[in-house]
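# Notes for the structure review
Next come the chains, spelled out residue by residue.
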There are 2 protein chains.
Amino acid sequence: MNTLQEYLYSKIPLAQAMQLQVLQAGPEGVVLRAPLAPNINHIGTAFGGSESALAILAAWSVLYERLKAAGTSATIIIQRNSIQYQHPADAEFTASAYLIEPDDWQRFMRMLQRHGRARINISSAIDCEGVCAARFEGDFIATGVSPIV
Amino acid sequence: MNTLQEYLYSKIPLAQAMQLQVLQAGPEGVVLRAPLAPNINHIGTAFGGSESALAILAAWSVLYERLKAAGTSATIIIQRNSIQYQHPADAEFTASAYLIEPDDWQRFMRMLQRHGRARINISSAIDCEGVCAARFEGDFIATGVSPIV
């Protein structure tokens, strides 16, 4: 089991209840997968709350991985998000989050280092069998930056 | 255990994983409660994905209850939502959803009966120990209306 999955399982019980699996994790992007059965709804497709939760975790994780790759650690919380459910997901689904315009990242890191607090917008896409099931975007706040020692 | 809780537990496994409890359920409003432990995050407060999921279920449920009270049944799905996380929830939290401007409800029912499909916006509030932790609003679509026989 990889490091990000261990971290999420140890800190966020819902990640375990959803049977989340980390397929890819690095500063370039994070891809998380969830099977349908523990995330199903009343009509046999993925529950919107599960899609939201997986999208939040993918977006949160890419920021976590990117900060780690930059040699820093910070507390990351979500401030707001929106999500459009475009197609029902009737099989296992993934959430993919890819950072970030280089300009946005540089602005974010500069704010974080100067003021100890910065905000950034991150998108996730929920896909199921090659079709985009939902589109998510959220604002995340990092605080209390410190070097990883 | 009340009817709505039985329904949610039987249809949506995540509701059970979150240990959701129905505190109030009727056409005037739905209040759902979740304990912190199964919904905790990496900093010891409620996971945003759990707050989103509980808010979605409260909003969905008030529409379900309202349709039931009107003597009809329909398939209700979520189309989009947004949520603002205003304060961390560091204890059990509730999601409360109260319908709906009477004009909105009449327009929604008219559309549903005429066209077999209608959309309505519903809000939920997440509260923790008397403080508003998050504000949610989402668009829900009802289709395939039929009388309850």
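This section reports on the structure supplied with the text.

Thresholds applied
Residues numbered from 1 in each chain as written. Chains lettered and ligands numbered in written order. Predicted model: local features only at pLDDT ≥ 70, side-chain atom pairs only at ≥ 80, totals over all residues. Least-squares fit on C-alpha atoms with pLDDT ≥ 70 in both. Contact = placed C-beta atoms within 7 Å. Core = buried A, V, L, I, M, F, W, Y, C linked by C-beta atoms within 7 Å. Buried ≥ 20, exposed ≤ 12 C-beta atoms within 10 Å, placed from the backbone. Helix = DSSP H or I, 4+ residues; strand = E, 2+ residues; numbered from the N terminus. Nonpolar A, V, L, I, M, F, W, Y, C, P; charged D, E, K, R; others polar. Pairing = 2+ DSSP bridges.

## Structural notes on the relation of the copies chain A and chain B
- When chain A is fitted onto chain B, the two copies agree to an RMSD of 0.0 Å after a turn of 180 degrees and an axial shift of 0.0 Å. Expressed as an axis order, the relation between the two copies is that of a two-fold axis. Across chain A, the rotation axis passes nearest the C-alpha of Ser-82 of chain A, at a separation of 2.0 Å.
- Taken as a fraction of all interface residues of chain A, those also at the interface in chain B reach 100%, which identifies the copy contact as same-surface.

## Digging into the nonpolar core
- Ranked by internal contacts, the top residues of the largest apolar core, which has 94 residues, are Leu-54, Leu-57 and Ala-59 of chain A together with Leu-54, Leu-57 and Ala-59 of chain B.
- When near neighbours in sequence (up to four residues on either side) are disregarded, Ala-59 of chain A contacts Ala-97, Ile-122, Ser-124, Phe-136, Gly-138 and Phe-140 of chain A.

## Quick look at the interface of chain A and chain B
- Taken together, the contacts link 28 residues of chain A with 28 residues of chain B.
- Among the elements that line the side of chain A that touches chain B, the one with the most residues is strand E3 (residues 72–85) of chain A, at nine residues.
- Residues belonging to the side of chain A that touches chain B are distributed by class as follows: 14 nonpolar, 12 polar and two charged.
- Two elements, E3 of chain A and strand E3 (residues 72–85) of chain B, share five bridges in a ladder whose sense is antiparallel. Its bridge partner being in E3 of chain B, Arg-80 of chain A is matched across the sheet by Gln-84 of chain B.

Nothing here speaks to function; it is all geometry.
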